[in-house]
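Next come the chains, spelled out residue by residue.
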Amino acid sequence: MINIIFFGPPGAGKGTQAKIISNKLSLPHLSTGDILRSKIKQNDNLALEVKDIIANGKLVPDNILNKIVSEKLIDDCKNGFILDGYPRTLDQSKFLNNLLNEYSLNLNYIFNISVNFELLTKRILNRSIEENREDDNADVIKTRYQEYKNTTQKVSDFYKTVYKEIFHEVDGDAEIEEITKKIIKILKNR
Ligand code: AMP
């Protein structure tokens, strides 16, 4: 069983890498962004609330995220998981910690992919052509990046201090295959 978390700003490529590693290791890939986007399609009150928040680049409330992740972790991730986009706040990280303790689970690897603002803006604008995401535009990217800097980076800094041995910095400026190779090398060194 391997439990992995990917951190990084929007556009760092954490979703891309999480997907590749999920296929290679046959581990469930839990992208909270993907889960929220599919929730939006349900068109109920919650969907409308979430749609608006995501479209503006803000963070969806912790209680919604914690509920989603606890259900998925308990139902689908008994043999390991890859978390992509969660935890994004300190409250979420506390919730995750309690959940892992409750089920006697440990984290095995944390990858923090870093990319500078110019490159991630370029990547996200390219992606917007392929994926047609409402939040992939220049204005919203700025808000998403601020949310990352103000809130989520504190979470990855916390993990970096507390989980030193399993925390790996990854340079996200390289090509996709290059980054995957580095991650696989770290996974093999276990
Ligand atoms: P992502 O696909 O990871 O870039 O997420 C897209 C959007 O979904 C984010 O900009 C947030 O609005 C929302 N979101 C995803 N994961 C979380 C989370 N863990 N906490 C709060 N909001 C989230």
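Preceding this section is the structure that the text describes.
On a predicted model such as this, the values are computed, not experimentally measured, just so you know. (Residues numbered from 1 in each chain as written. Predicted model: local features only at pLDDT ≥ 70, side-chain atom pairs only at ≥ 80, totals over all residues. Heavy atoms only, no water.)

Caption draft 1: Quick peek at helix α8 (residues 176–188). Taking 1.5 Å per residue as the helical rise, α8 with its 13 residues ought to reach 18 Å, and the 18 Å between its terminal C-alpha atoms agrees with that figure. When α8 is considered as a whole, its buried residues turn out to be I179, T180, I183, I186 and L187. All buried residues of α8 fall inside an arc of 125° around its axis, so they share one side. Summarising the geometry of α8, the exposed residues directed more than 90 degrees from the buried face are E177, K181, K185 and K188. Buried residues belonging to α8 abut β1 (2–7), α1 (14–25), β4 (109–114) and β5 (167–171). (Helix = DSSP H or I, 4+ residues; strand = E, 2+ residues; numbered from the N terminus. Expected span 1.5 Å × (residues − 1). Buried < 20%, exposed > 50% of the residue type's maximum accessible area, 1.4 Å probe, protein only. Arc of directions from axis to C-beta. Contact = heavy atoms within 4.5 Å.)

Caption draft 2: Helix α4 (residues 62–76), seen in detail. In this model α4 runs 21 Å from its N-terminal to its C-terminal C-alpha over 15 residues, within 8% of the 21 Å that 1.5 Å per residue would give. As for α4, its buried residues are in contact with α2 (32–40), α3 (45–55), β3 (80–84) and α5 (90–102).

Caption draft 3: Representation of the side chain of R144 within the structure. Assignment of secondary structure puts R144 in helix α7 (residues 138–162). What makes R144 buried here is its relative accessible area of 11%. Within the local environment of R144, its side chain forms a polar contact with the side chain of D136, the two groups lying 2.9 Å apart. Setting aside residues up to four positions removed in sequence, R144 forms contacts with P10, G57, I124, R127, R133, D135 and D136. (Polar contact = N/O pair within 3.5 Å; in protein donor to acceptor, adjacent residues only side chain to side chain.)

Caption draft 4: Broad picture of the site of the ligand. Close contacts around the ligand come from 16 residues, with T32, K58, G85, R88 and Q92 the closest. Within the backbone of V60, a nitrogen or oxygen atom sits 3.0 Å from a nitrogen atom of the ligand. The separation between an oxygen atom of the ligand and a polar side-chain atom of R133 is 3.4 Å. In isolation the ligand offers 480 Å² of accessible surface; the protein chains occlude 96% of this area. With four residues, the single largest contributor to the shell around the ligand is α2. (Near = heavy atom within 4 Å. Areas by Shrake-Rupley, 256 points an atom, 1.4 Å probe, with all protein chains shown as cover.)

Caption draft 5: Region of the structure containing the side chain of S22. Along the chain, S22 falls in helix α1. In this structure S22 comes out as buried when scored by relative accessible area, which is 11%.

Caption draft 6: Main features of the pairing of β4. For β4, a buried count of five out of six residues is recorded, marking the element as mostly surrounded by other parts of the structure. By the bridge criterion, four bridges tie β1 to β4 in an arrangement that is parallel. What sits directly across from I4, in β4, is Y109. As paired strands, β4 and β5 are joined by five bridges and run parallel to one another. Bridge assignment links N112 to a residue of β5, and that residue is E169. (Pairing = 2+ DSSP bridges.)

Caption draft 7: The pattern of salt bridges, seen in detail. By the definition in use, this model includes nine salt bridges. Residue R37 is joined to D34 by a salt bridge in which the shortest nitrogen-to-oxygen separation is 2.9 Å. Note that R37 and D34 are positioned in helix α2 at a spacing of three residues, about one turn of the helix. The class for D34 is partly exposed, based on a relative accessible area of 40%. A salt bridge links R144 to D135; the nearest nitrogen and oxygen atoms lie 3.7 Å apart. (Salt bridge = Lys/Arg side-chain N within 4 Å of Asp/Glu carboxyl O.)

Caption draft 8: Summary view of a nonpolar patch on the surface. A surface patch of nonpolar side chains, amounting to about 250 Å² of accessible area, comprises L90, F158 and V162. Using a relative accessible area of 38% as the deciding quantity, one classes L90 as partly exposed. (Patch = residues over 30% accessible without salt bridge, like charges linked within 9 Å, V, L, I, M, F, W, Y side chains within 5 Å.)

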